[in-house]
Amino acid sequence: MASRPRRSDDARIVAALERAVARELPPLLPRQRWFGDKGRAISAVALRDGAALGARGWWGLVDVSFAAGPDQTYAVAFLLDHDDLAPGALSTDAFDDEEFCRELLGAFAQQLTVPTCRGGAVRFVRTERFLPDAVTKAPRRLTGEQSNTSVIYDTALVLKAIRKIRPGIAIDCEVGAFLTARARFPHVPPLAGSIEYAPAGGPVTTLGVLRFHPPPCV
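Residues numbered from 1 in each chain as written. Predicted model: local features only at pLDDT ≥ 70, side-chain atom pairs only at ≥ 80, totals over all residues. Heavy atoms only, no water.

Caption draft 1: Inspection of the overall build of the protein chain at higher detail. For the protein chain, the count of helices and strands is three helices and 10 strands. In sequence order, the protein chain lays out its α and β elements as α-β-β-β-α-β-β-β-β-β-α-β-β. Counting the 218 residues in the protein chain, one finds 49% classified as buried. When contacts within the protein chain are restricted to residue pairs at least 6 apart in sequence, long-range pairs at least 24 apart make up 60% of them. (Helix = DSSP H or I, 4+ residues; strand = E, 2+ residues; numbered from the N terminus. Buried < 20%, exposed > 50% of the residue type's maximum accessible area, 1.4 Å probe, protein only. Contact = heavy atoms within 4.5 Å.)

So, in structure tokens, the structure goes:
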């Protein structure tokens with residue numbers, strides 16, 4: 001299984017990203033459609049972990065603390081145009097960028113394992129239904145969702161990126177794998193792959209699910 005080598009300046013980028021997350025995300029998160037804690041006052045946002053993906057992309061997990069009630073963890077994706085991450089650098093959502101979305105599909109083709117800045121890994125796991133020619137499909141982000149983010153590739157594949165993160169394998173991924181690989185059930189969209197986050201310690205967590213045919217918006 002392929003893996004992405006670490007860049008020599010990753011430590012400097014991570015330090016800058018930590019500062020930018022703490023500075024930029026508290027006012028930015030409530031404006032996102034997928035943010036599920038609107039109406040709660042954010043007291044702090046901190047980078048839990050993250051991985052560089054492709055030429056400019058970064059997929060991170062952030063812990064959000066509130067003035068009252070439990071903390072939550074969200075997945076965010078950025079495009080890093082420069083390493084110093086000046087104010088406003090995190091306003092770009094990487095899922096709006098075609099190149100980043102193509103690179104995600106290419107990561108499935110390579111079955112890529114990407115090291116994270118906290119000693120974990122992001123793994124792109126594909127099923128036997130994933131075909132090599134899938135990487136040529138054009139991506140388009142869907143705009144009607146509320147709680148997650150989906151990218152459709154032509155009309156054949158859809159990637160659902162989970163935004164509010166909970167430890168463990170997502171139920172639709174677990175059931176989808178069973179119905180696709182074992183039961184061979186023909187009446188649900190076959191599972192093509194999943195994106196897994198394996199922290200340095202703790203359970204593996206699903207970050208994304210890749211399926212054939214667009215599922216209903218969430």
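Caption draft 2: How the structure looks around the sheet that holds strand β1 (residues 42-53). Spatially, three strands are ordered β1-β2-β3 in an open sheet, and the strand pairing comes out antiparallel. Because the sheet does not close on itself, it has two edges, and the strands there are β1 and β3 (72-79). Geometrically, the sheet is characterised by an average inter-axis angle of 25° between neighbouring strands, direction not taken into account. In this structure, strand β2 (residues 57-66) lies alongside β3, joined through eight bridges in antiparallel fashion. Considered in β3, the bridge of Leu61 is made with Ala75. Across the sheet, helix α1 (residues 10-28) is in contact with β1, β2 and β3; its angle to β1 comes to roughly 140°. (Pairing = 2+ DSSP bridges. Axes fitted to C-alpha atoms, helices over the stretch in contact; angles between N-to-C directions.)

Caption draft 3: The arrangement of the sheet that holds strand β6 (residues 139-141) in detail. Pairing is antiparallel across the open sheet formed by seven strands, whose spatial order is β4-β5-β9-β10-β8-β7-β6. At either end of the open sheet lies a strand with only one pairing partner, and these are β4 (113-115) and β6. This sheet shows a mean twist of 15° between the axes of neighbouring strands, independent of strand direction. One ladder, built from six bridges, connects strand β7 (residues 148-153) with strand β8 (residues 157-162); its direction is antiparallel. Among the inter-strand pairings, Ser150 is bridged to a residue of β8, identified as Lys160. Its contacts with the sheet put helix α2 (residues 98-110) on β5 (121-126), β6, β7, β8, β9 (191-198) and β10 (205-212), and the angle it makes with β5 is roughly 70°.

Caption draft 4: Representation of the pairing of β10 in the model. Across the eight residues of β10, eight count as buried, placing the element largely inside the fold. Pairing of β8 with β10 involves five bridges; the strand directions are antiparallel. Residue pairing across strands places Leu157 opposite Phe212, the latter belonging to β10. As defined by bridge partners, β9 adjoins β10 across six bridges and the pair is classed as antiparallel. Note that in β10 the partner of Ile195 across the bridge is Gly208. Hairpin connection from β9 to β10: six residues lie between these consecutive antiparallel strands, with Gly202 at a positive phi of about 115°.

Caption draft 5: Expanded view of the packing of aromatic side chains. Per the stated rule, a full pass over the model turns up six aromatic pairs. Aromatic side chains Phe95 and Phe100 sit 5.6 Å apart centroid to centroid with 85° between the ring planes, which places their arrangement in the edge-to-face category. Take Phe95: its relative accessible area is 2%, and that puts it in the buried class. Among the residues examined, Phe100 registers a relative accessible area of 1% and is labelled buried. A centroid spacing of 6.3 Å and a plane angle of 35° characterise the contact between Phe108 and Phe130, whose relative ring orientation is tilted. Placement of Phe108 in helix α2 and of Phe130 in the loop between β5 and β6 is noted, with a sequence separation of 22 residues between them. You can call Phe130 buried: its relative accessible area is 6%. Every member of this aromatic cluster is reached through a ring pair, and the members are Trp34, Phe35 and Tyr74. (Phe/Tyr/Trp six-rings, centres within 6.5 Å; stacked < 30°, edge-to-face > 60°.)

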